[in-house]
Amino acid sequence: MTDIKKLSASAPIGVFDSGVGGLTVVNEIISQIPSERIVYFGDTARVPYGGKSKETITMYAEQIVRFLLEQGVKAIVVACNTASAYALDTLEKEIDIPIIGVVKPGAKTAAETTKNGRIGIIGTEGTVGSRIYEQYISRISPASHVVGKACPLFCPLVEEGLLDDPVTDEIARRYLEGMKGSGIDTLILGCTHYPLIRTTIERVMGKDVALVNPAWETAHALKDLLTEEGILNPEAGDADLKKHRFYVSDSAEKFGRFASTVLKYEGISAETVRIEEY
Ligand code: DGL
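Scoring rules and cut-offs
Residues numbered from 1 in each chain as written. Predicted model: local features only at pLDDT ≥ 70, side-chain atom pairs only at ≥ 80, totals over all residues. Heavy atoms only, no water. Helix = DSSP H or I, 4+ residues; strand = E, 2+ residues; numbered from the N terminus. Rg over C-alpha atoms; globule rule 2.2 N^0.38 Å. Buried < 20%, exposed > 50% of the residue type's maximum accessible area, 1.4 Å probe, protein only. Contact = heavy atoms within 4.5 Å. Areas by Shrake-Rupley, 256 points an atom, 1.4 Å probe, with all protein chains shown as cover. Lys, Arg positive; Asp, Glu negative; His and termini not counted. Charge placed at Lys NZ, Arg CZ, Asp CG, Glu CD. Salt bridge = Lys/Arg side-chain N within 4 Å of Asp/Glu carboxyl O. Phe/Tyr/Trp six-rings, centres within 6.5 Å; stacked < 30°, edge-to-face > 60°. Lys NZ or Arg CZ within 6 Å of the ring centre and 35° of its normal.

Chemist: Just checking my understanding: could you explain the overall build of the chain for this structure?
Modeler: Helix and strand content of the chain: 11 helices and 10 strands. Taken over C-alpha atoms, the radius of gyration comes to 18 Å for the chain, in line with the 19 Å a tight globule of 278 residues would show. When the backbone C-alpha atoms are referred to their principal axes, the chain occupies close to 50 × 40 × 40 Å. For the chain, the residues scored as buried account for 57% of the 278 residues in total. Once local pairs closer than 6 in sequence are excluded, the contacts in the chain between residues at least 24 apart make up 77%. Summing over all exposed atoms, the chain offers an accessible surface of approximately 12,400 Å²; the carbon and sulfur share of this is 50%. When the 30 positive and 38 negative side-chain charges of the chain are each reduced to one mean point, those points stand 3 Å apart.

Structural data, given as structure tokens:
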């Protein structure tokens, strides 16, 4: 068992997702708490998570957490809505270092952003089907009305790098048509891949709908948590991304190229891990 009191503030933070989506959360962590070092794991061999069962996602998440613990992380961020929805409860019981997901922070931001109490949530089939955002939002703002829509093709489009592409535009129009007519004034990007196609979603939804990216609030919540636990890295932050480590379960080169674009830092390389052995 890890004794949290013995955890060094200079230890890294583990962040994981099914693929590249969690990099949108990494971006926020780097900008809000630049002193922290990150060990990132993208499950590129098993992406997408969105249509898989709770049991499968929980097993994947447990393997990744075991790998991250082996890297000596002091806290874990589940930078994936699907894994947060399905596996966070179980993971919280199994490990004794701080762990947070993206759903609770995202729900909080949405409840604080809406003016008319009508909130949309787009995400994977798993996240939308679990109704977890509704549950959190109703606790904060019981009168709010939440409309959900699964957008399963968005994740593979992002993984393929089709971020600004007519195909993505067309799919977005089809998925979001109903959402547009539902009177929402706030839309949660309930999958960490979606901020990467934010411009397309914005174009389709129009300027009257506020888009909520849970990544910002997640990084904020992480900073609070590290401070509370007394393990916030006190060193001055540095912008050198070389201090971070990136691991994937497949296609390390492709991931490295993509990560370099998302994090705007040339030459990011990733290492492949046989995650099924953890
Ligand atoms: N980026 C993940 C999420 O936030 C998973 C997408 C997927 O793998 O289907 O849900």
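Chemist: What should I look at first to understand the side chain of Glu62 in this one?
Modeler: In this structure, Glu62 sits in helix α2 (residues 54-70). Summary of buried charges: Glu62 has no salt-bridge partner, and the nearest side chain of opposite charge, Arg66, is 5.0 Å away. Here Glu62 is in contact with Thr90, Leu91 and Glu94, once residues within four sequence places are set aside.

Chemist: What should I look at first to understand the packing of aromatic side chains in this one?
Modeler: Aromatic ring pairs are reported here in terms of the distance separating the ring centres and the angle at which the planes meet. According to the stated counting rule, one finds 9 aromatic pairs in the structure shown. Ring geometry for Phe67 and Tyr278: centres 5.4 Å apart, planes at 85°, overall edge-to-face. With Phe67 in helix α2 and Tyr278 in the segment after β10 (271-272), the pair connects residues that are 211 residues apart, well separated along the chain. Using a relative accessible area of 27% as the deciding quantity, one classes Tyr278 as partly exposed. On the basis of an interplanar angle of 85° and a centroid distance of 5.2 Å, the ring pair of Phe154 and Tyr175 is categorised as edge-to-face. Placement of the pair is Phe154 in helix α7 (residues 154-159) and Tyr175 in helix α8 (residues 166-180), with a sequence separation of 21 residues. Neither residue differs from the other here; Phe154 and Tyr175 are each classed as buried. Here the guanidinium or amino end of Arg46 rests over the ring plane of Tyr60, the centre of that ring lying 3.8 Å away.

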